[in-house]
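# Secondary and tertiary structure notes
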Amino acid sequence: MKQITSNDILLKLKAENCFWSYSEDSVKNVPDEILIEKTLVYLDLPEIEALFLLFPYKKIKKVWLETMVPQGDYLYTLNRFLAWYYFHVKRPDQYLKAMTTRHFNKMFQ
């Protein structure tokens, strides 16, 4: 089986029109954080699993906690799955609520 590269993931994201607002040149230099977030939101399990081969676990979790978890109900079902399946959270509902609260408390300090 061919190992998926970050460029492969980028091409799949482009095919999903995830970068419709980006210029063609800027898509070539997408930061890792945006690549991780968009992959978690828009792509399937093989691409998500490839992320864990391409980037450190802590980096992926940090992006997830900072960009996706604060979106609350909008991404709730996806975040619940990611928390349980990839981040091995024992109580996803309580964890997501606590992390969302922590994020907003940091914003208003």
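Parameters and conventions
- Residues numbered from 1 in each chain as written.
- Predicted model: local features only at pLDDT ≥ 70, side-chain atom pairs only at ≥ 80, totals over all residues.
- Heavy atoms only, no water.
- Helix = DSSP H or I, 4+ residues; strand = E, 2+ residues; numbered from the N terminus.
- Expected span 1.5 Å × (residues − 1).
- Contact = heavy atoms within 4.5 Å.
- Core = buried A, V, L, I, M, F, W, Y, C linked by side-chain atoms within 4.5 Å.
- Buried < 20%, exposed > 50% of the residue type's maximum accessible area, 1.4 Å probe, protein only.

### Overview of helix α7 (residues 92–107)
Over its 16 residues, α7 extends 22 Å from the first C-alpha to the last, a length consistent with the 22 Å expected when each residue adds 1.5 Å. As for α7, its buried residues are in contact with α5 (57–68) and α6 (76–85).

### Considerations on the nonpolar core
The biggest cluster of nonpolar side chains holds 29 residues, and the ones touching the most others in it are Leu 40 and Trp 64. Contributions of two or more residues to this core are made by α1 (6–15), α3 (32–42), α4 (45–54), α5, α6 and α7. Among the elements that line this core, the one with the most residues is α5, at four residues. Those residues in contact with Trp 64, other than ones at most four positions away along the chain, are Leu 40, Val 69, Pro 70, Asn 79, Leu 82, Ala 83, Phe 87, Tyr 95 and Leu 96.

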